[in-house]
Amino acid sequence: MTEATLKVENLRTHFFTRHGVVKAVDGVGFEVHAGRVLGLVGESGSGKSVTGFSILGLVDPPGRIVAGSILLKGRDLRTLAPAQWRTIRGNRIAMIFQDPLMTLNPVLRIDTQMIEAVRAHDRVSVSTARERARDALARVGIPSPDERLAAYPHQFSGGMRQRVAIAIALLNKPDLIIADEPTTALDVTIQAQILAEAQKLCRESGTALIWITHDLAVIAGLADEVCVMYAGRIVERGTVDEVLDAPMHPYTRGLLESVPSRNRRGVPLAQIPGMTPSLVNLPLGCAFRERCSRATETCLTDPPLYNLGGRYVRCFHPIHVQDEAEASG
Amino acid sequence: MSADQAPLLELRGVSKRFVKSLDTAARLANLFGADARDQVVHAVDGVDLAIRQGEVVGLVGESGCGKSTLGRLAVGLHAPTEGRRFWRGEDVATLTPEARRRTQLAIQMIFQDPYASLNPRMRVQDIVGEAPVVHGLVGKDAQRDYVASLLERVGLDASLMRRFPHQFSGGQRARIGIARALAVKPDFLVCDEAVAALDVSIQAQVLNLFIRLREELGLTYLFISHDLGVVQHLSDRVVIMYLGRVVETAPTEVLYAQPNHPYTQALLAEVPRIDARHRRFAAIEGEIPSPLAPPPGCHFHPRCPHAMPRCKIERPALREIAPERFSACHLNDVNDGNDPPPVAAAPDTEVANEA
């Protein structure tokens, strides 16, 4: 296989707060290839967004990347000086955020913002930059892009605003786009439109995409590979079909069984007891231990990330579908 | 619907319009020949809804379709601009004040945001226990025990009742909101996006609580949500709204298996599902029009793949197309309503493989 567009190894991002060290990301590793979609799934506080911010070098104090490497096409981003970082951010790696109202400047017209983004990385004339901005808007399906360039962010609807954010991410033809819950605030029909744009983008331009979400169903439709995060760590990683059809980590399985549409109507959902632990004082050993039905004494020590033929699972007692079939049959 | 028994709650032809009047500047401008008018939002436009005792009705729609306004009309938090509201067959507007007060207690609401809907300066004991004491359901001296029993019922530790809302997690706050609604012994709960703000694993816990409470207390729910999966799981019957109007209502299994209205079909086809892998998303065109200026005729016609000239002029009526099934679409006149519209695709066939 060719070199990965992005390879993250043993990434640790910790926040040094008054209440103690919050290990928001604690030993995360994955890789994404050109034209592929990696889904990063987890509930609130699982560290999925901080992982995204870390890749872009956007972690603010008291947070700090304390260990690990972030290799973009073989080049370690962690060794870069701030000025070098700026040549990467928005150029080779772009990010799409959950709330486009917060990422677009409300007092500048769309064209001003887009031309600025182009000219920050490329020595081109304003008219060329404007041309590129227009093309990017057209590519994400904004009707009459020429007129819309002169509009302000508040003149767009939520879905259109998110398209503008995607268009800005596309401007410099990045190698990698990180999308952090970009459709969570949108309606179902608008979400489908945005997902369609994202798919088209990967197919046509070979951009690698990291899609951060809490919605397993979106991942099922969009991603090629998936990483499930819990309490700052990846607990399971594999292709979408493997992970969703035969989850091996008890947490992944619990999550899948909690999603209503898979279950029969009116029947109580299988639920995961308890709630996500505080990251300030995680329980000893496996962070999921206290909510897990398979936990034993062994789980009091830290489970390593086992590699089971291309699949990774951080559990001493992974679920094997065959075993269960034998046990019940 | 059995004719001998009146529905628990019925809304007949209710509309709710929100009017933004002109300010002084605009009125002055009008004197000089400008043509500024009041802005009118038809949040709910002529909706009939009957909910039987013990039924769970799911109300689905996208943002701005008026589903929350309809929920508030059902509870009585908004007075309808037009139309009437019946409780156990009696027009609420004609009830005596005493009977109306009892009706108000019998219908309770659970709000979307478990952070904003609890008073941050009140202890849980007062949040949950205030209403039953005020309404004389329990004495002041029995309040503590009463609150304790309610908290246990919704799965919270009763020893936490002296705490403030900020000391609880999102899922626990949702439970406090439910306990508060249950405190006045209601028959009917309107749940407005009650699980939307929760993580998947916590959402499952709260949904299970709703199912258990319904069995234990014989409650009736109007469950408002944009999440079709949640609604499918919980509801007996589903009502789909689009721009202030009901476009389709049917029993849950039928609606999900054979959606009739083109909007319902599009909605169901576009819901991401776990068993639909690597699908090619093909979204319906366009966006939800502004409720300030809804399109004439059928509100859905600008986005509808089957739109006919008639759809641009005439508003389709919500007609019974099969027992218990209602749909507002002119296509049902074309083919007698026996089949879903011709190009109807069941959601399963939408799972297009990349191959």
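Residues numbered from 1 in each chain as written. Chains lettered and ligands numbered in written order. Predicted model: local features only at pLDDT ≥ 70, side-chain atom pairs only at ≥ 80, totals over all residues.

Novice: Before we move on, could you go through the overall build of chain A and cite the residues and values that matter?
Specialist: Within chain A, the secondary structure is distributed over 12 helices and 12 strands. Against the compact-globule benchmark of 20 Å for 329 residues, chain A has a radius of gyration of 21 Å, which places it among compact chains. When its C-alpha atoms are laid out on the principal axes, chain A stretches across 70 × 45 × 40 Å. Each of the 329 residues in chain A was classed as buried or not, and the buried ones make up 46%. Of all intrachain contacts in chain A linking residues separated by at least 6 positions in sequence, the fraction that spans at least 24 positions is 65%. (Helix = DSSP H or I, 4+ residues; strand = E, 2+ residues; numbered from the N terminus. Rg over C-alpha atoms; globule rule 2.2 N^0.38 Å. Buried ≥ 20, exposed ≤ 12 C-beta atoms within 10 Å, placed from the backbone. Contact = placed C-beta atoms within 7 Å.)

Novice: Outline the nonpolar core, listing residues and values.
Specialist: Across soluble globular proteins, nonpolar side chains have a tendency to be buried as a group. Within the largest apolar cluster, 176 residues are counted, with the highest numbers of intra-cluster contacts made by A:W211, A:I219, A:V228 and B:F223. At 8 residues, helix 7 (residues 158-170) of chain A tops the list of elements feeding residues into this core. Contacts of A:I219, omitting those with residues within four sequence positions, involve A:G39, A:V41, A:W211, A:T213, A:V226 and A:V240. (Core = buried A, V, L, I, M, F, W, Y, C linked by C-beta atoms within 7 Å.)

Novice: Now, about the interface of chain B and chain A: what can you tell me, with residues and values included?
Specialist: Each partner contributes residues to the interface: chain B has 36 residues there, and chain A has 39 residues. Secondary structure elements with two or more residues in the side of chain B that touches chain A: helix 7 (200-217), helix 8 (228-234) and helix 10 (262-270) of chain B. Split by residue class, the side of chain B that touches chain A holds 16 nonpolar, 12 polar and 8 charged. (Nonpolar A, V, L, I, M, F, W, Y, C, P; charged D, E, K, R; others polar.)

Novice: Help me get a handle on the sheet that holds strand 5 (residues 90-91) of chain B, residues and values and all.
Specialist: Backbone-to-backbone hydrogen bonds join strands into a sheet, with any given pair of strands oriented parallel or antiparallel. All names here are of chain B. Ordered in space as 2-1-4-5, the 4 strands form an open sheet in which the pairing is antiparallel. On the outer flanks of this sheet lie strand 2 (39-51) and strand 5, each paired with one strand and no other. Packing of helix 2 (residues 67-75) onto the sheet brings it into contact with strand 1 (9-20) and strand 2, and relative to strand 1 it is tilted by some 120°. (Pairing = 2+ DSSP bridges. Axes fitted to C-alpha atoms, helices over the stretch in contact; angles between N-to-C directions.)

Novice: Describe the sheet that holds strand 4 (residues 63-72) of chain A, naming the residues involved and giving the relevant values.
Specialist: Residues and elements named next belong to chain A. Strand order in the open sheet formed by 4 strands is 2-1-4-5, with antiparallel pairing between adjacent strands. With partners counted over all chains shown, the strands left at the sheet margins are strand 2 (20-32) and strand 5 (75-76), one partner each. Note that strand 1 (residues 6-17) and strand 4 share 8 bridges and pair antiparallel. The residue bridging R12 from the neighbouring strand is A67, located in strand 4.

Novice: Break down the packing of helix 8 (residues 188-205) of chain A against helix 10 of chain B for me, with residues and values.
Specialist: Interhelical geometry of helix 8 of chain A versus helix 10 of chain B gives an angle of 50° and a closest axis separation of 9 Å. Relative to helix 10 of chain B, helix 8 of chain A is oriented oblique. As for the relative orientation of helix 8 of chain A and helix 10 of chain B, their crossing is left-handed in sense. From helix 8 of chain A, A:V188, A:T189 and A:A192 reach across to helix 10 of chain B, where they touch B:A266, B:L267 and B:E270. In terms of residue class, the contact of helix 8 of chain A with helix 10 of chain B is built from 4 nonpolar, 1 polar and 1 charged. (Parallel < 35°, antiparallel > 145°, perpendicular 65-115°, else oblique. Left-handed = near helix turned anticlockwise from the far one by under 90°.)

Novice: I'd love a proper account of helix 5 (residues 143-153) of chain B, names of residues and values included.
Specialist: Residue and element names in this part refer to chain B. All buried positions along helix 5 are accounted for by V147, L150 and L151. For helix 5, the buried positions fall inside an angular range of 100° around the axis, keeping them on one side. Facing away from the buried side of helix 5 by over 90 degrees, the exposed positions are D145, S149 and E152. Elements that come into contact with the buried residues of helix 5 comprise helix 4 (124-134) and helix 6 (170-182). (Arc of directions from axis to C-beta.)

Novice: Got a sec to walk through helix 2 of chain B? Specific residues and values, please.
Specialist: Residues and elements named next belong to chain B. With 7 of 9 residues buried, helix 2 lies mostly within the body of the structure. Of the surrounding elements, those touching the buried residues of helix 2 are strand 1, strand 2, strand 3 (56-60), strand 7 (188-192), strand 8 (220-225) and strand 9 (237-242). After helix 2 finishes, the residue G76 shows a positive phi value of roughly 100°.

Novice: Summarise the confidence of the model for chain B; cite the residues concerned and give the values.
Specialist: Residues and elements named next belong to chain B. Averaged over all residues, the pLDDT of chain B equals 85, while 92% of them reach at least 70. Contacts of residues 337-355 to residues separated by more than four positions or lying in other chains number 28 contacts, the stretch itself having pLDDT below 50. Predicted as a complex, the structure gets a pTM of 0.82 and an ipTM equal to 0.76. (pLDDT = per-residue confidence, 0-100.)

Novice: Explain the packing of helix 6 of chain B against helix 7 of chain B to me, and be specific about the residues and the numbers.
Specialist: All names here are of chain B. One can describe the packing of helix 6 onto helix 7 by two numbers: an axis separation of 10 Å at closest approach and a directional angle of 20°. Judged by the angle between their axes, helix 6 and helix 7 are roughly parallel. Between helix 6 and helix 7 lies a crossing of right-handed hand. Contacts from G170, G171, A174, R175 and I178 in helix 6 reach I202, Q205, V206 and L209 in helix 7. When grouped by side-chain class, the residues that make up the contact of helix 6 with helix 7 number 5 nonpolar, 3 polar and 1 charged.

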